[in-house]
Amino acid sequence: MSRAEAAEPAEAPEPSNRIKFSSPRQIPIVGVVTEDEEVQGAFKSMDLNRVIKLFEETGKDDLEERQLKSVKKLVQCYQNGFPLRDLAQIFKILNLCAEKIKTQPHFIEPAYNIIKLCGLPFLKKKASDEITYAEDTANSIGLLGDLMKIQNSELRIQICKCIIDFYHAEPPKKHITGYQQASSSYKIKMAEVGELAKTMIQSLELLENQLVEKLWVLKALQHLSTSEVNCTLMVKAQAASGICAHLNDPDPSGQLLFRSSEILWNLLEKSSKEEIIQQLSNLKCLLALKEVFKNLFIRGVSHYDRQLRNDILVITTIISQNPGAPMVESGFTRDLILFATFNEVKSQNPLVKGLKLSNSYEDFELKKLLFNIIVILCKDLSTIQLLIDGKVILALFTYVKRPEKHKILEWSAAQYEELQLHAIATLSSVAPFLIDEYLFYKGNDQVLEFLAWCDNEDSFFSHGNSFHGAGGRGNKFAQMRYSLRLLRAMVYLENDTINKDLCENGAIQQLIGIFKNTISKYNDKEEAILLEIQSDILLILSGLCEYHIPGKEIFGTEGVDIILHVMKTDPKKLQSGLGYNVLLYSTLDSIWCCILGCYPSEDYFLEKEGIFLLLDLLALNQKKFCNLILGIMVEFCDNPKTAAHVNAWRGKKDQTAASLLIKLWRKEEKELGVKRDKYGKIVDTKKPLFTSFQEEQKIIPLPANCPTIAVMDVAENIRAKIYAVLGKLDFENLPGLSAEDFVTLCIIHRYLDFKIGEIWNEIYEEIKLEKLRPVTTDKKILESITAASENIGKMVVSLQSEMIESQARQDVQNEQKVYTKIQATHKQRELANKSWENFLARTSNAKTLKKAKRLQEKAIESSRYGERPPNAIFHRTDIKGLNATVPSGGVVTVESTPARLVGGPLADTDIALKKLPIRGGALQKVKAVKTVDEPKKSDPA
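Residues numbered from 1 in each chain as written. Predicted model: local features only at pLDDT ≥ 70, side-chain atom pairs only at ≥ 80, totals over all residues. Heavy atoms only, no water.

## Looking at the overall build of the chain
Across its full length, the chain carries 45 helices and 2 strands. In the chain, which comprises 941 residues, the share counted as buried stands at 45%. Taking contacts inside the chain between residues at least 6 apart in sequence as the whole, the part at least 24 apart equals 76%. Working note: accessible area of the chain is about 50,700 Å², and carbon and sulfur atoms make up 53% of it. (Helix = DSSP H or I, 4+ residues; strand = E, 2+ residues; numbered from the N terminus. Buried < 20%, exposed > 50% of the residue type's maximum accessible area, 1.4 Å probe, protein only. Contact = heavy atoms within 4.5 Å. Areas by Shrake-Rupley, 256 points an atom, 1.4 Å probe, with all protein chains shown as cover.)

## Topic: the packing of aromatic side chains
According to the stated counting rule, one finds 20 aromatic pairs in the structure shown. Ring geometry for Phe440 versus Tyr441: centroids 5.1 Å apart, planes at 80°, classification edge-to-face. You can call Phe440 exposed: its relative accessible area is 61%. Ring geometry for Phe605 against Phe636: centres 5.1 Å apart, planes inclined by 20°, an arrangement best described as stacked. A residue pair is termed long-range when its members are at least 10 positions apart, and Phe605 in helix α32 (residues 599-607) and Phe636 in helix α34 (residues 623-636) qualify at 31 residues. With relative accessibility at 0%, the residue Phe636 sits in the buried group. Cation over ring: Lys187 sits above Phe122, and NZ or CZ is 4.4 Å from the ring centre. The residue whose ring lies beneath Arg485 is Tyr482, and the NZ or CZ to ring-centre distance is 4.8 Å. (Phe/Tyr/Trp six-rings, centres within 6.5 Å; stacked < 30°, edge-to-face > 60°. Lys NZ or Arg CZ within 6 Å of the ring centre and 35° of its normal.)

## Some thoughts on the environment of Lys198
Of note, Lys198 is situated in helix α11 (residues 196-203). Under the relative-accessibility criterion, Lys198 is labelled partly exposed at 29%. Here the alpha-carbon distance between Lys198 and Cys231, two residues 33 residues apart in the chain, equals 8.9 Å. Ignoring anything within four residues of it in the chain, the contact list for Lys198 reads Leu233 and Ala237.

## A word on the environment of Tyr167
With respect to the secondary-structure elements, Tyr167 resides in helix α9 (residues 153-167). A residue is classified by how much of its surface remains accessible, and Tyr167, at 21% relative accessible area, is partly exposed. Among residues more than four places away in sequence, those in contact with Tyr167 are Ile188, His223, Leu224, Thr226 and Asn230.

## Description of the side chain of Glu344
Structurally, Glu344 can be placed in the loop between α19 (332-341) and α20 (361-377). A polar contact of 3.0 Å, which involves the side chain of Glu344, links it to the side chain of Lys367. Excluding its chain neighbours within four sequence positions, the residues that come into contact with Glu344 are Lys367, Ala395, Thr398 and Tyr399. (Polar contact = N/O pair within 3.5 Å; in protein donor to acceptor, adjacent residues only side chain to side chain.)

## Observations regarding helix α27 (residues 496-504)
All of the buried residues along α27 are Ile498, Asn499, Leu502 and Cys503. Within α27, the buried residues cover an arc of 130° as seen down the axis, which keeps them to one side. Set apart from the buried face of α27 by more than 90 degrees, the exposed residues are Asp496, Lys500 and Glu504. In this structure, the buried side of α27 is in contact with α24 (435-440), α25 (443-455), α26 (477-491), α28 (507-520) and α29 (527-545). Capping the start of α27 is the job of one residue whose side-chain oxygen sits 3.0 Å from the backbone nitrogen of Thr497: Asn495. Immediately beyond the C-terminal end of α27, within one or two residues, lies Gly506, with a positive phi of roughly 80°. (Arc of directions from axis to C-beta.)

## Here's the deal with the pattern of salt bridges
This model, assessed by the stated rule, comprises 28 salt bridges. One salt bridge connects Lys794 with Glu790, and the closest N-O pair in it is separated by 3.9 Å. Pair noted here: Lys794 and Glu790 are both in helix α42 (residues 776-844), with a separation of 4 residues, about one helical turn. Exposure remark for Lys794: the relative accessible area of 44% places this residue in the partly exposed category. Each of Glu669, Arg676, Asp713, Arg719, Lys755 and Glu758 takes part in a single network of salt bridges with overlapping partners. (Salt bridge = Lys/Arg side-chain N within 4 Å of Asp/Glu carboxyl O.)

## Section: the nonpolar core
If you look at the biggest cluster of nonpolar residues, it comprises 238 residues, and the most contacted ones within it are Phe82, Leu144, Met200, Leu267, Ile591, Leu614 and Leu726. If you tally residues by element for this core, the top one is α29, at 10 residues. A domain-level breakdown of this core finds at least three residues from each of domain 1 (45-194) and domain 2 (439-653). The contact partners of Phe82, leaving out residues within four places of it in the chain, are Leu74, Leu87, Ile90, Ile114, Leu117, Cys118, Phe122 and Leu123. (Core = buried A, V, L, I, M, F, W, Y, C linked by side-chain atoms within 4.5 Å. Domains from an automatic or database assignment.)

## Considering the packing of helix α13 (residues 228-236) against helix α15 (residues 255-270)
One way to put it is that α13 packs onto α15 with a least axis distance of 9 Å and a crossing angle of 105°. By the angle class used here, α13 and α15 are roughly perpendicular. Of the residues in α15, those in contact with Glu228, Cys231, Met234 and Val235 of α13 are Ile263, Asn266, Leu267 and Lys270. In the contact of α13 with α15, the residues fall into 5 nonpolar, 1 polar and 2 charged. (Axes fitted to C-alpha atoms, helices over the stretch in contact; angles between N-to-C directions. Parallel < 35°, antiparallel > 145°, perpendicular 65-115°, else oblique. Nonpolar A, V, L, I, M, F, W, Y, C, P; charged D, E, K, R; others polar.)

## A few points about a positive patch on the surface
Positive charge collects at one region of the surface, where Lys847, Lys850, Lys851 and Arg854 lie side by side. Note on placement: Lys847 falls in helix α43 (residues 846-863). (Patch = residues over 30% accessible without salt bridge, like charges linked within 9 Å, V, L, I, M, F, W, Y side chains within 5 Å. Lys, Arg positive; Asp, Glu negative; His and termini not counted. Charge placed at Lys NZ, Arg CZ, Asp CG, Glu CD.)

## Considerations on α42
Between its first and last C-alpha atoms α42 spans 101 Å; for 69 residues at 1.5 Å apiece the expected length is 102 Å, and the two agree. Turning to α42, its buried residues number three or more, namely Leu782, Ser789, Glu790, Gly793, Val796, Val797, Gln800, Ser801, Ile804 and Arg842. (Expected span 1.5 Å × (residues − 1).)

## Quick word on the side chain of Ser225
Take Ser225: it is sitting in the loop between α12 (211-224) and α13. A polar atom in the side chain of Ser225 sits 2.9 Å from the backbone oxygen of Gln222. Not counting the four nearest positions on each side in its chain, Ser225 is found in contact with Cys231, Met234, Ile263, Asn266 and Lys270.

## Some points on the confidence of the model for the chain
Per-residue confidence for the chain averages 84 on the pLDDT scale, and 84% of its residues sit at or above 70. No element of the chain has a lower mean pLDDT than helix α1 (residues 3-6), which averages 40, and none a higher one than helix α22 (residues 392-397), which averages 95. Scored below 50 in pLDDT, residues 911-941 makes 31 contacts in the model with residues more than four places away or belonging to other chains. (pLDDT = per-residue confidence, 0-100.)

## Some details on the environment of Phe636
For the pair formed by Phe636 and Leu596, sequence separation is 40 residues and the distance between their alpha carbons is 7.0 Å. Those residues in contact with Phe636 that lie beyond four places of it in its chain are Ile591, Ile595, Leu596, Glu602, Phe605, Leu606, Ile611 and Thr642.

## Things to note about a nonpolar patch on the surface
Together, Leu752, Ile756, Trp760 and Ile763 line one region of the surface with nonpolar side chains, adding up to about 330 Å² of accessible area. Here Trp760 shows up in helix α41 (residues 751-769).

Encoded structure:
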């Protein structure tokens, strides 16, 4: 328990419940509780209307005594809690008592007792009572805040206690027969409806010098501020500024500061942060916060003091996000810069003389919070001079060093590592505003030296426990990542001095080397952080080389190799969410900035099939990359060697680059809502390129320096880039295009003519809208330009129609060829079937077989010569006596060769060859063809 929580507000002594009256006369009782009912815990409702009437009477001598007696009986009757149905009348009686307190102080005690009973749970007879009497209950509870106007300390404290009891309700002492306790949250809800928090805030203005009462009110508000509804009401009552302005009020107990800061925290969390910041952004509040923070920073020694100091700093950080907050005017900014840097930069300021931070958790958090608020403060240009005077850059650069092994540090190793990373991250935000300071302290040299340490193989175990150290456990990746972020921030300033200094110090070669090392160190655990490092390296290289030709030459082939390595990444990884998309963006940016414009690098890129990789990426059809890739393609096409590479590329299904570009054009026009018919032809020859957005937007006269919708359309989609690429490839000789592609190509070919006509049409329409009348010559020229543009559209439509008709005729011819082939196939099948049927007939019917045999022999005889040549040797081609109509096989009997040499017509040729020839010359080995049903011995012809 903290010191502030332990020290509760000193309670005022409660007044005695017994009041002595001067008159001994007994006043008639309005309601009586019998002993039996008291034993059972029941009560009879009083006639409260009679009590109210009694309070409204005037002019009687014993009236005050009777009124006091009736209220005493009321308190006794309802000592276990008020029923919801009687609550409105009871609070009316309480209000009547409050009105009499100014002139009759005796009524303080009855009012006190009634308010005390309000702390008990309300009672309901029916389940629906909470809804039925909700309005009366809300109005009654809201009245408690109005009673704070009564100038009586005990009564005010009791009201606060009653409100606190809403959140710590105790059960009734006795069970009341026929009644149930209302739900525990009922009072809290009714307090919200009755706007009790608002009236309690307003009561603080009445308690400027009453510390005890103020502390009780703050305690009650601390409970009320746990609700979003109450916080909204408090904000409307200007609670934030009212409470914050009195943070530094004298309070020996320390509760005022604790409870006030707790209320401010609840307001920031549960209501409109913007409204709270606006309320706190005034000189009075900031001066109070400044004094409180300074006192806690210098004199705070306990754990609670340090924790409260950090809470105040967080609130200040939130306020400082408002550019209108007078942080500099209040002197708070100067003090915060001093407190943030006094450990690293020696200062003679008496505020920090002899002051030292410990390595406790609270001081460690304080250091990080101070770094954080410097990042916010540097966005205000009026703070720049204070940052220079405070030597913030020098203080932060003390962390951009390799850790020394034997140096004694005031922080633990894990704490120092986290502060180191936080300091480098802070430099990334502050250094771009302090360029001269950065160069004065040789920032580039220090960062490059630190990067060299990050890239070497020295043994170093990082803890990687913090937000900034994510992914850097056991390695130096976290340090490398934040150092590269710092370099990226400085390079993107496009300051010639900084960039030239980096190039002269060998930053390009060093970064390329780091990139190569990250490829070799790649592993799945640190994949995300490695991808971020690689992306930052490529972005830095892009910034260094973009307008620096010597830098592009230094980038050279080694740089091209790392770009090609990234471009070969598996496309599936682009959807992994680990950062491959960002890396690819950085790579494409590097191609644009580091390769284009340097001819040796361009040629090497082409030689290594870089254009093929670009077209592979374009074929992925991811809209976020298309624009950038096409822009690179347009620039690359200025190189005469590029066209051959583009035309040689083939994608899936043998798709060509031209076909891919035309497909992208059609997709883009479909998304833009350009009107085309089902064949892709132009529908409106007057507006052939009009998008749906252009149709919706009416032409408005604009100043000459403002681009019109037609001009903006060129930059907002990829059609102009596709036209440029295809134009450089020559529209006439594009391979692999279909008829549909040619129809679209007609439009692309005339894109520039259509766009010029569209812009002239806008000019003509603007002249009409401005009610200007051009001279006759200008009017004729405008009309002729418009007519010429429309004629071009008609000509393109005509050409498209011819192409479509030609394709239709070609399709018919192709279809006819297919039909002819199908008919031939069917005819062949019929002949085959008929042949099979004849074969079956011959094998199943002897007569048919003999008839077929005779026909076959007749056909053979008719095919022979009528007369044999003299000395001709006749060889029979069939086997005599064989009743078959199929060919007899590869059996030939040659009579000119003696049988004794070959062993007969069916002898093994291999054996025959083993015999010695009787004639001159060698015998030739002949492969014998054996048939399945070959006869054992053939008859000579």
